[in-house]
Amino acid sequence: MAVAAGSRVPVEERLFSLVLALLATEAGLTKAEILSTVQGYRQRYRASGDNANLERQFERDKDDIRELGVPLETLESPGEPGNNQNLRYRIPRGDYELPSDISFSPEETTLLNLAAMVWREGSISGESRRAILKLRSLGVVTDEPVIGYAPRLRVRDVAFEPLTAALDKHVIVRFGYLKPGEQDARTRTVAPIALIQREGRWILHGEDQDAGGTRNFLLRRIVSPISTTNTRYPAFPESATESAKAELDKIWESRAAIVEVIPGSDAATRLSKRADTGIDGDTLTLHYSDADLLADELAGFGPEVLVLGPESLRGAVRDRLLRTEADHG
Amino acid sequence: MAEAASGRSKSTGRVPPLQAQDKLTFLLSLVPYLMDHDRVSVADAAAHFGMTKEQIREAVRLIGVSGIPGETAQYQHEDLFDISWDDLEENDQIVLTHRVAIDDSPRFSAREAAALIAGLQYLSSLPEHANRTAIATLTAKLSRGASATPSQLTVQSTRTDETLALIRDSVDAGVQLEFDYLNSRGERERRRVDPLRIESLDADWYLRAWCHLREAIRTFRLDRISNPVVTTEPITHGAADVKLPDSLFEGSADDLIVTIDVAAAAAPLLADYIPDGAVTVESEGRLRTSVRVSHYHGLKRLIASMPGVALVIGPPDARAAVREWAAAGAARYE
């Protein structure tokens, strides 16, 4: 049976054959031509009959291929716009191939290998792995592998994957966001501009559709699944990311807490090594982005730290310690 | 978080078997590589791509029978790639003798380029990459080599202190390092170590080293290291001599098992401490599970930094350790 024979063609062989066929055509191939002639489809194609399953397979394959950065193009037939059956598909060579003037030195290749190693979790680790395969295709032989380092970035927030996808497709997202000190989460509708990692935490910078301005959202305060809308938004300029980063730097610089630490304690050792900490004997000036996160961090040091100011932070740390004491009473 | 407060990392799985998309990427990458090499051994290609020899042979066999439908739509001989089958089967050598459709390496996808660019930004925390020009040049190349504008994924590099540069120098020179170390029990000791590898998790930096005091591999948090001195004494244990575990936090037989209650959304933050096979019960957005810790000093700090989010259920002395720690902290505000 044709179906049984077709099922023996492995997925990668079908996808590879599809890419080859679409790269080789100038004018493009219609869906019927693809399904009836390309390896992996043709075995399952019925010349006179229903090919709905096969057509759905083709749709999924197109998505998979595009996800890999292969520019699979759809051309309308000039005479009959809107006629789906006459759409033609192709992969324009110039958009597919890495521009020939781009090359990477052995040092650059080593650095990129290390950059890819940073990602060990989630779909981004697959993306960096595939990027490295493409890089190796250029045949650059690297110097000794960098063994002195094993840097890692974690992506443990469940919102990370759907938000990167939305960022990529430029679609507006909706999620429940719980601000510290508030009882109930509020639904936010946001056009994502950038995902920024700062001090080990992921932040979504986006345009809040209700507030009408840009806002920063800590991923760990997103309390609902991300719902992706079908509403697309025009891409923001790259400068939007740069100004978001500058703004975060400014917030960090403008906020400072004064704490007293027990000499020689873990708090004294670690807090004095925090970026930009001012040290005056046992009194430290700590910069921070978010008062609630700093309060959590300081509460962890128990009696080793006494917050002198601001007053609100002092209260926040005291309340946290009392709560932990009560929870374990 | 606590220093090596022994949990076991779950994020260090080996390279997973290749998915169809990975295999396709590999095929599209292998062809241009073979075009540039008139003859290459399966072993060399495997080493170059970081694949097994069998994965290479499998891919080459598939390429050898693949091609385009061609004018007849029948996959005629001239429409197919061809390889020297004798060389492959008898000499384990790859010789591409005919090619179709592909001329060059593929572009990066927008997300692939974004992943590498963000990784590079993270690496700019390292002393030798503080040179921003090299990273800017690479970023520009990746953007231009991508099929669409890379997504805005960005990492603000953490400013690291001079300790990291010093340690890097001693790793490079292969000499011993001495420093004061304050462990999470609050004990301060002068340590002499053979530095082996600098590791990081997000904003936290660690040194993996052979500790001459403990005569074992130890993990040190950089922010607990003071007064480091690079000695002239060569190291006695190299990275090649000892087996460095993949995960930063290694469990030990002496570990204590503690039952905790944690908000489900925050559980991933504790994943490193949750042992394999831990029984986890979820109810109303909270998880009850167990963590392994080497002592309660690390545990009390960890739990006190997650007020209301995570709490200890038992054993009683673990609860008491956390309670006393928090009470002593709160007492300072009386």
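Note that the structure is predicted; figures quoted are calculated from it, not measured.

Undergrad: What am I meant to see in the overall build of chain B here?
TA: Looking only at helices and strands, chain B features nine helices and 14 strands. Scaling as 2.2 N^0.38, a compact globule of 334 residues should have a C-alpha radius of gyration of about 20 Å, whereas chain B reaches 26 Å, well beyond that. With respect to the principal axes defined by its C-alpha atoms, chain B has extents near 90 × 60 × 40 Å. Per-residue burial over chain B gives 42% buried out of 334 residues.

Undergrad: Which parts of the structure should I look at to understand the confidence of the model for chain B?
TA: Interpreting fine coordinate detail is not advised for predicted regions of low pLDDT. All names here are of chain B. Here chain B shows a mean pLDDT of 87. Residues at 70 or above account for 92%. Ignoring residues within four places in sequence, the model shows residues 1-15, a span with pLDDT below 50, making 48 contacts including any to other chains. Per the prediction output, this complex has pTM 0.88; the corresponding ipTM is 0.91.

Undergrad: How do you make sense of the sheet that holds strand β11 (residues 256-263) of chain B when you look at a structure like this?
TA: Two orientations exist for strands paired in a sheet by backbone hydrogen bonds: parallel and antiparallel. All names here are of chain B. Across the sheet, which stays open at both edges, the four strands sit in the order β12-β13-β11-β14 with antiparallel pairing between neighbours. The sheet is open, and its two edges are formed by β12 (281-283) and β14 (310-314), each paired on a single side. Shown here is a sheet whose adjacent strand axes are inclined to one another by a mean of 35°, direction ignored. By the bridge criterion, four bridges tie β11 to β14 in an arrangement that is antiparallel.

Undergrad: Would you mind going over the packing of helix α11 (residues 291-300) of chain A against helix α12 (residues 311-327) of chain A with me for this structure?
TA: To characterise two packed helices, one gives the angle between the axes of the helices and the distance between these axes. All names here are of chain A. Following both chains from N to C, one finds α11 and α12 inclined at 50°, their axes separated by 9 Å at the closest point. With respect to α12, the axis of α11 lies oblique. In this structure, the crossing between α11 and α12 has a hand that is right-handed. Across from Ala291, Asp292, Leu294, Ala295, Asp296, Leu298 and Ala299 in α11, the residues of α12 making contact are Ser312, Leu313, Ala316, Val317, Arg320 and Leu321. Its residues assigned to classes, the contact of α11 with α12 shows nine nonpolar, one polar and three charged.

Undergrad: Looking at this model, I keep getting lost on the packing of helix α8 (residues 296-304) of chain B against helix α9 (residues 316-331) of chain B. Mind explaining?
TA: All names here are of chain B. At a minimum axis distance of 9 Å, the contact between α8 and α9 shows a crossing angle of 60°. Considering their axes alone, α8 and α9 lie oblique with respect to each other. The interaxial crossing formed by α8 with α9 has right-handed handedness. Judged by residue contacts, Tyr296, Leu299, Lys300, Ile303 and Ala304 of α8 engage Ala318, Ala321, Val322, Trp325 and Ala326 from α9. For the contact of α8 with α9, the residue count by class is nine nonpolar, no polar and one charged.

Undergrad: Explain the domain arrangement of chain B here, please?
TA: It is common to report an interface's size as the accessible area lost on association of the parts. The assigned domain composition of chain B is domain 1 (20-98), domain 2 (170-234) and domain 3 (256-329). Spacing between the C-alpha centres of domain 1 of chain B and domain 3 of chain B amounts to 53 Å.

Undergrad: How should the nonpolar core be read in this particular structure?
TA: Most often, soluble globular proteins have nonpolar side chains that are buried together. In this structure, Val19(A), Ala115(A), Ala116(A), Leu163(A), Leu27(B) and Leu116(B) are the most contacted members of the largest nonpolar core, which totals 97 residues. Looking at this core, the element that brings in the most residues is helix α5 (residues 110-123) of chain B, giving ten residues. If near-sequence neighbours (up to four positions away) are discounted, Leu27(B) is found in contact with Glu12(A), Phe16(A), Ala59(B), Leu62(B) and Ile63(B).

Undergrad: I'm lost on the sheet that holds strand β1 (residues 29-30) of chain A in this one. Help?
TA: All names here are of chain A. Pairing is antiparallel in the open sheet, where three strands are placed in the order β1-β3-β2. Across the chains shown, the open sheet's two edge strands, defined by having one partner strand only, are β1 and β2 (73-75). Pairing of β1 with strand β3 (residues 88-90), which is carried by two bridges, proceeds in the antiparallel orientation. Bridge pairing in β3 places Leu29 opposite Tyr89.

Undergrad: In this structure, what is going on with the domain arrangement of chain A? I would like to understand it.
TA: On domain assignment, one finds that chain A holds domain 1 (2-96), domain 2 (98-154), domain 3 (160-248) and domain 4 (255-327). Taking only C-alpha atoms, the centre of domain 1 of chain A and the centre of domain 2 of chain A are 31 Å apart.

Undergrad: Looking at this structure, how should I read the interface of chain B and chain A?
TA: Taken together, the contact between chain B and chain A spans 103 residues of the former and 98 residues of the latter. A total of 13 residues in the side of chain B that touches chain A trace back to one element, the largest contributor, which is helix α1 (residues 20-36) of chain B. The residue makeup of the side of chain B that touches chain A, split by class, is 53 nonpolar, 25 polar and 25 charged. Relative to strand β5 (residues 153-155) of chain B, strand β6 (residues 186-198) of chain A is paired through three bridges, and the arrangement is parallel.

Undergrad: Sorry if this is basic, but what is going on with the pairing of strand β12 (residues 283-287) of chain A here?
TA: Across a regular strand the side chains alternate sides, sitting on one face of the sheet and then on the other. Residue and element names in this part refer to chain A. Of the two faces of β12, the one lined by Leu284 and Leu286 is fully buried and the one lined by Thr283, Thr285 and His287 carries no buried residue. In this sheet, β12 lies alongside strand β10 (residues 256-261) in antiparallel orientation, the contact comprising five bridges. From the neighbouring strand, Val259 faces β12, where its bridge partner is Leu284. Both strand β11 (residues 278-280) and β12 contribute to a ladder of three bridges, which runs antiparallel. Of the residues in β12, the one forming a bridge with Ile279 is Leu284. Taken together, β11 and the strand that follows it, β12, pair antiparallel across an intervening segment of two residues, in which Gly281 is found at a positive phi of about 65°.

Undergrad: Teacher, can you tell me more about the environment of Leu23(A) here?
TA: With respect to the element layout, Leu23(A) can be found in helix α2 (residues 11-24). For the pair Leu23(A) and Tyr89(A), spaced 66 residues apart in sequence, the C-alpha to C-alpha distance is 9.8 Å. Among residues more than four places away in sequence, those in contact with Leu23(A) are Ile91(A), Arg93(A), Tyr96(A), Ala101(B) and Ile102(B).

The rules we used
- Residues numbered from 1 in each chain as written.
- Chains lettered and ligands numbered in written order.
- Predicted model: local features only at pLDDT ≥ 70, side-chain atom pairs only at ≥ 80, totals over all residues.
- Helix = DSSP H or I, 4+ residues; strand = E, 2+ residues; numbered from the N terminus.
- Rg over C-alpha atoms; globule rule 2.2 N^0.38 Å.
- Buried ≥ 20, exposed ≤ 12 C-beta atoms within 10 Å, placed from the backbone.
- pLDDT = per-residue confidence, 0-100.
- Contact = placed C-beta atoms within 7 Å.
- Pairing = 2+ DSSP bridges.
- Axes fitted to C-alpha atoms, helices over the stretch in contact; angles between N-to-C directions.
- Parallel < 35°, antiparallel > 145°, perpendicular 65-115°, else oblique.
- Left-handed = near helix turned anticlockwise from the far one by under 90°.
- Nonpolar A, V, L, I, M, F, W, Y, C, P; charged D, E, K, R; others polar.
- Domains from an automatic or database assignment.
- Core = buried A, V, L, I, M, F, W, Y, C linked by C-beta atoms within 7 Å.

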